[in-house]
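So you can see what is in the structure, the chains are spelled out below.
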Amino acid sequence: MNSSELLTINCMRILSAEAIEKAKSGHPGITMGAAPMAYELWAKHMKHNPHNPKWINRDRFVLSAGHGSMMLYSLLHLFGYGLTIDDLKNFRQFGSVTPGHPEFNHTPGVDASTGPLGQGFANAVGMAMAEAHLAAKFNRDDFNVIDHYSYALCGDGCMMEGISYEAASLAGTLGLGKLIVLYDSNNITIEGSTDLAFTEDVRARFEALEWQTLFVEDGTDIDAIGKAIEEAKAEKNKPTLIEIKTVIGHGSPNKAGSNSSHGAPLGEEEVRATKANLGWNYEEDFFVPEQVKEHMEAVIENLESEADKWDDLYENYKEKYPELAAELEEWLKDEFAQDLIDDDSFWLNEGDMATRACSEKILNMLSKKMPNLFGGSADLSPSNKSEMKDREFFTKENRLGSNMHFGIRELAMAAVANGMYYHGGIRPYIASFFVFSDYMKPALRVSAISGLPVISILTHDSIGVGEDGPTHQPVEQIAAYRSTPNFNVWRPCDINESAAAWYSAATEKTTPTALLFTRQNTKNLGIDGRKALKGGYVVRESFKETPDVILIGTGSETGLVYDAYDVLKEKGISAQVVSMPCVEVFEKQNEEYKNSVLPKNVKKRIVVEASFDMSWYRYVGLEGEIIGMNEFGKSAPYSVLFDHYGFTVDNVVERTLKLLEK
């Protein structure tokens, strides 16, 4: 390590400590302990272009230990990504580009939103999968236009979280040789020594998962770290974990090696002591010495020259393979599904069937229209109908495959899908039973925060699961997902609405979608699915100018309110029947349209949905009612359960009559 490198690393440490101190909030420990490995990676081994943060062939970097965000921001400042000293001074402040944890599409150079520990690890797995698939599809001899690594920097906390084990197991099985994880091993968590709860041999675990493992004894030895990174890159058939022993809070004379440096500012006096201890002889706060600036100019110039070489390669690629280059650019734009709105063959109108079967038909139509579609299930594809029949499976031996066996790893599956979308060029979908979405929610929540339009096929969507009983019958899950900002929940009633749901999901740019499908057959209403694209619409008009009652259904229960209309009509009662497959999309419509579907002057309303009723009160108001589920189900055939819990035409009619008597 030369003097300029040491000074740059110490500059990262001091900038981080000062920003955290100014904010009176943050995590200085990792920013000081892991600074050498981060600098070594970014300056000498990682391929990136500060003047083009979205360069498709850059190496990806995921700070899975997202609480170390200030270290990342110091890197982005020193490497010329446009973060200013004022941005660093505004760390963790309202409206800043330097929030408490890294946020995708918010800060230039941030490749993934991280915070929940371990998710970044799984994101990097997804990025490596995307790289491998795109490389297999688009590279040609002497034209490796997709050829980069995915790096993650993780801490002890990431290694404790179960998601890292799920994702590492999958990565080892797939032999993702371009995935490299730097493990900041400092043996400290918030509560104290990791020995309190974490005594395993991490490298032995990863070796059992078919990873190469390397060890660097001194986290300040950047030469040893660099050698390990190059050794990792030389291994083509296995992902690599590099355990790097560090001292948390390195440089702090009184808090280094202690949990007191993990999640709280060092304190003004300790920051001054740290500067003295590190030989930082500059009085001005947030100061970058000229020596550091000159050193970084040379580093950045070298990075840009490497990016320029790729630009030349790509120009030659376009000249020799113009059709492939055009196709790659189409994959990156991800607009294949847009034209389906006018394609009548997509808007099927077939008989009664389970909506999971409807989904399968539509998915396999989309697979012919969307070559960048990539997805699979958590070991349930025969049941949730999530396989593209004209595609092969992505495996260690076949990177061209785009069906995926995720294994029984729901949480990792969702975070891996996020990673694939972060990477670019892939439109990922994942699948499971709806009840198991509880395992997926932490990652799908990040999808929503980050604006990642990941598609989730979630079947067996209610007590209609039947005999498997309450552990497999989702009741409250739909309310939880509807309560998530920037998240669309579609529960279609038939094949027509299923096409609308899939079209919406496949054309979304910034919102993830859950597609909820039934196990049991549903009634085909025979209405053009394009009418459902507004989220809610009238399926049977009132025969009076003003309806006596509005009946709202979703999914399999829409057929009940549809049929109840006829029984009520015989009794002289005029109902307006509304299908509401997606509340979130309906809420985006203008007031005039919403009032045409749900007239404000009609206060008598009934919602019928075989789920928890919490999400429906805004539509039924004080004078309406909900036929829903306020308890867990039971083990029995679904028809018995629907009858027992009142999901029948007779009960809808009876409840309507009682409501109108009030």
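Counting of residues starts from 1 at the beginning of each chain's written sequence and follows it residue by residue. In view of the model being predicted, local features appear only for residues whose pLDDT reaches at least 70, and side-chain atom pairs are presented and counted only at 80 or more, with totals across whole chains, interfaces and linings using the full set of residues. To obtain the side-chain values, all non-hydrogen atoms of the structure were included, while hydrogens and water were left out.

As for the sheet that holds strand S16 (residues 537–540)
Turning to step 1, where the next piece is worked out: Taken together, five strands build an open sheet; the order of strands is S16-S18-S17-S19-S20 and the sheet is mixed. Two strands in the sheet have a free side with no partner beyond their single neighbour: S16 and strand S20 (625–627). Averaged over all adjacent pairs, the angle separating strand axes in this sheet is 30 degrees, with direction ignored.
Turning to step 2, where the next piece is worked out: Where strand S19 (residues 605–608) and S20 come together, three bridges link them in parallel fashion. We treat two strands as partners when DSSP finds at least two bridges between them. Secondary structure elements follow DSSP: runs of H or I no shorter than four residues count as helices, runs of E no shorter than two count as strands, and numbering proceeds from the N terminus. Angles run from 0 to 180 degrees between N-to-C directions of axes, and those axes are lines fitted to C-alpha atoms, restricted for helices to the stretch in contact.

Observations concerning the nonpolar core
Turning to step 1, where the next piece is worked out: In terms of nonpolar packing, the biggest core is built from 137 residues, with Trp42, Phe121, Met129, Met159, Trp211 and Ile242 touching the most fellow members.
Turning to step 2, where the next piece is worked out: Broken down by element, this core gets its largest block of residues, twelve residues, from helix H6 (residues 119–138).
Turning to step 3, where the next piece is worked out: Residue contacts for tryptophan 211: discarding those within four places in its chain leaves Phe121, Ala168, Ala171, Gly172, Leu179, Val181, Phe206, Lys238, Pro239, Thr240 and Leu241.
Turning to step 4, where the next piece is worked out: Nonpolar cores were defined as sets of buried Ala, Val, Leu, Ile, Met, Phe, Trp, Tyr and Cys residues, with membership established by side-chain atoms within 4.5 Å. Only protein chains enter the accessibility calculation, which uses a 1.4 Å probe. A residue is then buried if its area is under 20% of the maximum for its type, exposed if over 50%, and partly exposed in between. Judged by nonpolar contacts, the second largest core, of 78 residues, contains Leu525, Ala532, Val539 and Leu598. Every residue pair with non-hydrogen atoms within 4.5 Å of one another is taken to be in contact.

Looking at the pattern of salt bridges
Working definition: two side chains of opposite charge can pair if their charged atoms are close together.
Turning to step 1, where the next piece is worked out: Salt bridges are counted wherever a side-chain nitrogen of Lys or Arg sits within 4 Å of a carboxyl oxygen of Asp or Glu. All chains considered together, the criterion is met by 39 salt bridges.
Turning to step 2, where the next piece is worked out: A salt bridge links glutamate 625 to lysine 662, with the nearest nitrogen and oxygen atoms 2.8 Å apart. With a gap of 37 residues between them, glutamate 625 in strand S20 and lysine 662 in the segment after helix H25 (649–661) connect regions that are remote in the sequence.
Turning to step 3, where the next piece is worked out: For glutamate 625, a relative accessible area of 16% puts it in the buried group.
Turning to step 4, where the next piece is worked out: Linked through salt bridges whose partners overlap, the residues forming this network are Asp461, Arg482, Arg491, Glu557 and Glu609.

Comments concerning the packing of H6 against helix H16 (residues 410–423)
Packed helix pairs are characterised by how far apart their axes lie and by the angle those axes make with each other.
Turning to step 1, where the next piece is worked out: Two numbers describe how H6 lies on H16: the axes approach to 6 Å, and their chain directions differ by 55 degrees. In terms of axis orientation, H6 runs oblique to H16. Where H6 crosses over H16, the two elements pack in a sense that is right-handed. Counting all contacts with H6, which are made through Gln119, Ala122, Asn123, Val125, Gly126, Met127, Met129, Ala130, Glu131 and Leu134, the residues of H16 involved are Ala412, Ala415, Val416, Asn418, Gly419, Met420, Tyr422 and His423.
Turning to step 2, where the next piece is worked out: Residue classes in the contact of H6 with H16 are distributed as eleven nonpolar, six polar and one charged. Throughout this description, any angle smaller than 35 degrees is read as roughly parallel, any larger than 145 degrees as roughly antiparallel, any in the 65 to 115 degree range as roughly perpendicular, and the remainder as oblique. For any pair of crossing helices, the crossing counts as left-handed if the nearer helix is rotated counterclockwise from the farther one by less than a right angle, and right-handed if it is rotated clockwise. Residue polarity follows a fixed list, in which Ala, Val, Leu, Ile, Met, Phe, Trp, Tyr, Cys and Pro are nonpolar, Asp, Glu, Lys and Arg are charged, and the others, Gly among them, are polar.

Re the packing of H16 against helix H17 (residues 437–450)
Turning to step 1, where the next piece is worked out: Where H16 meets H17, the axes come as close as 6 Å, and the angle between the chain directions of the two elements is 20 degrees. On the basis of the axis angle, H16 is roughly parallel to H17. The two elements H16 and H17 meet at a crossing, and its hand is right-handed. On H17, the residues touching Glu410, Leu411, Met413, Ala414, Ala415, Asn418 and Tyr422 of H16 are Tyr439, Met440, Pro442, Ala443, Leu444, Val446, Ser447 and Ser450.
Turning to step 2, where the next piece is worked out: Looking at the contact of H16 with H17, its residues break down into eleven nonpolar, three polar and one charged.

Description of the sheet that holds strand S10 (residues 403–405)
Turning to step 1, where the next piece is worked out: On the basis of which strands lie adjacent, the open sheet formed by six strands has the order S10-S9-S11-S12-S14-S13 and parallel pairing. In this open sheet, the two edge strands, each paired with only one partner strand, are S10 and strand S13 (488–490). In this sheet, adjacent strand axes meet at a mean angle of 20 degrees when their direction is disregarded.
Turning to step 2, where the next piece is worked out: Of the pairings in the sheet, the one linking strand S9 (residues 373–377) to S10 comprises three bridges and is parallel in character. Along S10, the bridge assignment pairs serine 377 with histidine 405.
Turning to step 3, where the next piece is worked out: Across the sheet, H16 lies against S9 and strand S11 (427–433), angled at about 170 degrees from S11, the strand it touches most.

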